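# Structure at a glance
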Amino acid sequence: MDEETQPVQPGAEHVVCARCGTAAPDGTAPPTWSCSVENGSRHYLCDDCARAHIRAIESRLDSTWW
Ligand SMILES: [Zn+2]
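Just so it is clear, the structure is predicted and the values come from calculations on it, not from any experiment.

As a further point, take the overall build of the protein. Each helix and strand in the protein was counted, giving one helix and two strands. In sequence order, the secondary structure elements of the protein are arranged as β-β-α. Buried positions account for 15% of the 66 residues belonging to the protein. A separation of at least 24 residues holds for 33% of the contacts in the protein among residues at least 6 apart in sequence. As displayed, the protein has an accessible area near 5,800 Å², and 52% of this comes from carbon and sulfur atoms.

Written as structure tokens, this is what we have:
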């Protein structure tokens, strides 16, 4: 039998920032990271990139709205 019990939980892949490639310290996204699901796959942004991303979204919304 080559089936082994692995401690790895489903979906516990290494979390990496989708923008700058920074790896999460514990392998899981800290609460300060933002997570978005696109096409069924998760995309994480570190807190710095999330902030920049949110600003970009807000400014884009702003110019769209006005
Ligand atoms: Zn980042």
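At the metal site, the zinc ion is ligated by Cys 17 (SG), Cys 20 (SG), Cys 46 (SG) and Cys 49 (SG), and these contacts range over 2.3 Å. The site at the zinc ion holds four donor atoms, and with the angles between them running 103 to 116 degrees, its shape is tetrahedral. Expressed as a motif, the donor residue spacing for the zinc ion is C-x2-C-x25-C-x2-C.

Chain-level statistics for the protein give a pLDDT mean of 80 and a share of 76% at 70 or above. Ranking the elements of the protein by mean pLDDT puts helix H1 (residues 47-65) last with 81 and strand E2 (residues 41-45) first with 88.

With that settled, consider the nonpolar core. Among the nonpolar cores identified, the biggest contains nine residues, and these are Val 15, Cys 17, Ala 24, Trp 33, Tyr 44, Leu 45, Cys 46, Cys 49 and Ala 50. Secondary-structure elements contributing two or more residues to this core are E2 and H1.

All right, on to the environment of Ser 59 then. Examined against the element boundaries, Ser 59 turns out to sit in helix H1. Exposure remark for Ser 59: the relative accessible area of 46% places this residue in the partly exposed category. A polar side-chain atom of Ser 59 sits 2.9 Å from the main-chain carbonyl oxygen of Ala 56.

With that settled, the discussion passes to the pairing of E2. In terms of strand pairing, strand E1 (residues 34-38) meets E2 through five bridges, oriented antiparallel. Directly across from Ser 34, in E2, lies its bridge partner Leu 45.

Scoring rules and cut-offs
Residues numbered from 1 in each chain as written. Predicted model: local features only at pLDDT ≥ 70, side-chain atom pairs only at ≥ 80, totals over all residues. Heavy atoms only, no water. Helix = DSSP H or I, 4+ residues; strand = E, 2+ residues; numbered from the N terminus. Buried < 20%, exposed > 50% of the residue type's maximum accessible area, 1.4 Å probe, protein only. Contact = heavy atoms within 4.5 Å. Areas by Shrake-Rupley, 256 points an atom, 1.4 Å probe, with all protein chains shown as cover. Donors = N, O, S within 2.8 Å, 3.2 Å for Na, K, Ca; no water. Tetrahedral: all angles 85-135°; square planar, octahedral: opposite > 155°, others 65-115°. pLDDT = per-residue confidence, 0-100. Core = buried A, V, L, I, M, F, W, Y, C linked by side-chain atoms within 4.5 Å. Polar contact = N/O pair within 3.5 Å; in protein donor to acceptor, adjacent residues only side chain to side chain. Pairing = 2+ DSSP bridges.

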